[in-house]
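Observations on chain architecture
Given next are the chains, with one letter for each unit.
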Amino acid sequence: AKGLTYLGNPRAAVEVYRTSMEDASLSHRNRACYHSQLAATLARRGDITGALSEGLAVLPTLEGPVASLRTLRELRPVRSAAEQAVEEEFCARFDAAARMLAA
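Residues numbered from 1 in each chain as written. Predicted model: local features only at pLDDT ≥ 70, side-chain atom pairs only at ≥ 80, totals over all residues. Heavy atoms only, no water.

L38, L72, L75, V78 and F90 are the most contacted members of the largest nonpolar core, which has 24 residues in total. Apart from residues no more than four positions distant in its own chain, L38 is found in contact with V14, Y17, R18, M21 and E54. (Core = buried A, V, L, I, M, F, W, Y, C linked by side-chain atoms within 4.5 Å. Buried < 20%, exposed > 50% of the residue type's maximum accessible area, 1.4 Å probe, protein only. Contact = heavy atoms within 4.5 Å.)

So, on to the packing of aromatic side chains. Evaluation of the coordinates by the stated rule reveals one aromatic pair. Each ring, one from F90 and one from F94, has its centre 6.2 Å from the other, and the planes form 25 degrees; the classification is stacked. Of this pair, F90 and F94 are both found in helix α7 (residues 88-102), four residues apart, which corresponds to roughly one turn of the helix. (Phe/Tyr/Trp six-rings, centres within 6.5 Å; stacked < 30°, edge-to-face > 60°. Helix = DSSP H or I, 4+ residues; strand = E, 2+ residues; numbered from the N terminus.)

Next up on the list: the side chain of Q37. Along the chain, Q37 falls in helix α3 (residues 28-45). Setting aside residues up to four positions removed in sequence, Q37 forms contacts with K2, Y17, R70 and E74.

The next thing to look at is the packing of α3 against helix α4 (residues 48-63). Contact geometry of α3 with α4 gives a least axis separation of 8 Å together with a crossing angle of 160 degrees. Taken as axis vectors, α3 and α4 run roughly antiparallel relative to one another. Crossing geometry of α3 relative to α4 is assigned as left-handed. Here α3 contributes H28, A32, H35, S36, L38, A39, L42 and A43 to the contact with α4, which in turn contributes I48, G50, A51, E54, G55, A57, V58 and T61. In the contact of α3 with α4, the residues fall into nine nonpolar, six polar and one charged. (Axes fitted to C-alpha atoms, helices over the stretch in contact; angles between N-to-C directions. Parallel < 35°, antiparallel > 145°, perpendicular 65-115°, else oblique. Left-handed = near helix turned anticlockwise from the far one by under 90°. Nonpolar A, V, L, I, M, F, W, Y, C, P; charged D, E, K, R; others polar.)

Going through the model one piece at a time under the given rule, you end up with six salt bridges. The closest approach of N and O atoms between E54 and R18, which form a salt bridge, is 3.7 Å. Separated by 36 residues along the polypeptide, E54 in helix α4 and R18 in helix α2 (residues 10-20) bring together distant segments of the chain. Residue classification places E54 among the buried residues on the basis of a relative accessible area of 16%. (Salt bridge = Lys/Arg side-chain N within 4 Å of Asp/Glu carboxyl O.)

Note that every value here comes from positions in space, so none of it alone points to a role or purpose.
Below you can see the structure in the form of structure tokens.
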């Protein structure tokens with residue numbers, strides 16, 4: 001999916017991310033990472049509503065069982081989009097997760 005994004009086909013990447021997340025054997029960490037990458041791809045595509053929805057769905061994992069700076073970094077484009085859209089809830093939760101992971 002990431003390769004499809006790099007090749008300029010984010011629509012196909014979104015489908016690959018969604019299909020990948022259906023795999024019941026994925027670890028929490030990998031699922032969170034793929035979910036973050038999906039949200040970031042949506043943000044880069046200009047689908048801010050979709051990006052925020054997916055981003056908000058993955059934040060509880062970062063606030064709880066998964067401590068992953070990589071996954072948080074993947075959400076940075078969503079954080080930027082949320083700031084531009086004045087979506088304070090996402091920004092506040094993202095920032096809190098970033099502080100917690102940096103500690």
